[in-house]
Amino acid sequence: MECEDNLPAPRESLRTDLDLGTVILGREPIVDRYYRIAKDLARAYGITLCDEPEAQLIGATVWSDIFFNRGIEVADLPSEAHLQFLRSYLNLHGLTSASVSEPVRRVLNWRSSGSVLEDGWDWITGEYAVAPATVVAEIRRLSGVHSHATPLQTPAVPAAPGGVIVRGSDFDFPVCNPANARTFRSKAARRVDGHYSVAASGTSGGGTPGTAAMRYQVNKCGRTEYSLRTDASRLSHKPLADGLAPSRPPRAKAGFGFACCILEAKYVYLSNTTLYQRRRDFLRNSQIHADRLPRRLRGLGRPALIAAWEATRATQAAQFGLYMGAIADLEVPYWRVVYICSRENARQYFQAIISLGRIPRSIAVACVSDARRTTENWIV
């Protein structure tokens, strides 16, 4: 299949952990299965793998399924699996459920709102009231509009320090305009014209957050989280940035203070047992410091710990993908992102996620900022 190189490559650890039964049980090698199912899924959805962001979404979807179910064949996927992909596809392109036709829209809205209405679920058969083929057809309709080959681009190169920018293609990231960025943030703060924001957890009444993680976020990024969309509402406003820096933050860590910048704070409670570290380090430290693991992870075996680590990584990678989608949206005047981490191993963890997407430092980067250093922050 054309452009299959755009699929994210499985890590070596995935091959080691899941291929053990290949020879003994005569199973299809897990890496071969990953690529085969990913290509089958792309064909079923009418998606071209030459569309790099959509290829990444296809790969992440199949990768997760490989870990938990050893990869279900596309023909056997239930409605819920297709609905989950549809939600991710809508988020990728900044679309809402209003873009989806009935009856799929009814099921999406029912699942999102947590309603107990029975029109989205058949209580007799225990199945969604929409057939898998109907959801697939809806995804194909959307992909016919949004799935296009990503143009080849040559990055812009500065001619000389202080010189002009030599453009490598018809598209380059726009020049940062702090005034536009400040206007966008102001609209989000006031929730006008499709912009939205929420108070950081524990601050809606003007108080201090009750958890160390939220205190870290507030101290580094501010007391408001901002939607990176121009069609946001109370029911649909993700992704939310921990903070926005329209102009260069005067108290940011040296070398990491950028204008037009999305801010994301990541706090580590215990450095040894955090999920924000390399997987092999997490598994080793989980044995050495088993009594320090979060309660939900205590007593779990190695396979369950691997699944927990992979699930967290998939969530963080998906969040990073949403930030990249916002950066690519010309209506969102923010085109850099900084992960602010309380520990070095977390910085390495998020820098590895950034590296998976082959994103240059000029677009995304992770740094360390000690929680006790309250004078170092990105608040503008």
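This report concerns the structure included in the present document. Computed from a prediction, not measured in an experiment: that's the story for all the values here.

## Some thoughts on the pattern of salt bridges
For the structure on display, the rule yields 16 salt bridges. Notably, a salt bridge pairs K266 with E264, separated by 3.1 Å at the nearest N-O pair. For the pair formed by K266 and E264, the shared burial category is buried. Residues E344 and R347 are paired through a salt bridge, measuring 2.9 Å at the closest nitrogen-oxygen approach. Within this pair, E344 and its partner R347 are both found in helix α12 (residues 344–356), separated by three residues, close to a single helical turn. The partly exposed category is assigned to R347, whose relative accessible area is 23%.

## Describing the packing of helix α5 (residues 79–92) against helix α7 (residues 132–146)
It is at 9 Å that the axes of α5 and α7 come closest, and there the two elements cross at 20°. The pairing of α5 with α7 is recorded here as roughly parallel in orientation. For α5 against α7, the interelement crossing comes out left-handed. Each of S79, H82, L83, F85, L86, Y89 and L90 in α5 lies in contact with α7, whose residues at this interface are P132, V135, V136, I139, L142, S143 and H146. Of the residues in the contact of α5 with α7, the class split is ten nonpolar, four polar and no charged.

## Examining the pairing of strand β6 (residues 224–227)
Where strand β5 (residues 197–199) and β6 come together, three bridges link them in antiparallel fashion. The residue bridging V198 from the neighbouring strand is E225, located in β6. Pairing analysis gives two bridges linking β6 to strand β7 (residues 240–241), with the strands arranged antiparallel. Residue S227 lies in a different strand from β7, and its bridge partner there is L240.

## As for helix α8 (residues 178–190)
When the terminal C-alpha atoms of α8 are compared, their 18 Å separation across 13 residues agrees well with the 18 Å that a helix rising 1.5 Å per residue should span. If you check which residues of α8 are buried, you get A181, F184, R185 and A188. Each buried residue of α8 sits inside an arc of 95° when the element is viewed along its axis, so together they form one side. The exposed set on the far side of α8, more than 90 degrees from its buried face, consists of A179 and R190. At its buried positions, α8 is contacted by β5, β6 and β8 (243–245). The distance from a side-chain oxygen at the start of α8 to the backbone nitrogen of A179 is 3.1 Å, and the residue carrying that oxygen is N177. Trailing α8 by a residue or two, R191 shows a phi angle of about 60°, which is positive.

## Brief notes about the state of the cysteines
Linking two cysteines covalently through their sulfur atoms gives a disulfide. In total, this model carries two disulfides according to the counting rule given. Through a disulfide, C3 is tied to C50; the S-S separation comes to 1.9 Å. Torsion about the S-S bond of the C3 and C50 cystine: about 80°, corresponding to right-handed handedness. One end of the pair, C3, is in the segment before α1 (12–18); the other, C50, is in the loop between α3 (30–45) and α4 (52–69), and 47 residues separate them in sequence. For C3, a relative accessible area of 28% gives the class partly exposed. Relative accessible area serves as the criterion here: at 10%, C50 is assigned to the buried category. The side chain of C176 participates in a disulfide bridge whose partner is C260; the two sulfur atoms lie 2.0 Å from each other.

About the criteria used
Residues numbered from 1 in each chain as written. Predicted model: local features only at pLDDT ≥ 70, side-chain atom pairs only at ≥ 80, totals over all residues. Heavy atoms only, no water. Salt bridge = Lys/Arg side-chain N within 4 Å of Asp/Glu carboxyl O. Buried < 20%, exposed > 50% of the residue type's maximum accessible area, 1.4 Å probe, protein only. Helix = DSSP H or I, 4+ residues; strand = E, 2+ residues; numbered from the N terminus. Axes fitted to C-alpha atoms, helices over the stretch in contact; angles between N-to-C directions. Parallel < 35°, antiparallel > 145°, perpendicular 65-115°, else oblique. Left-handed = near helix turned anticlockwise from the far one by under 90°. Contact = heavy atoms within 4.5 Å. Nonpolar A, V, L, I, M, F, W, Y, C, P; charged D, E, K, R; others polar. Pairing = 2+ DSSP bridges. Expected span 1.5 Å × (residues − 1). Arc of directions from axis to C-beta. Polar contact = N/O pair within 3.5 Å; in protein donor to acceptor, adjacent residues only side chain to side chain. Disulfide = S-S within 2.5 Å.

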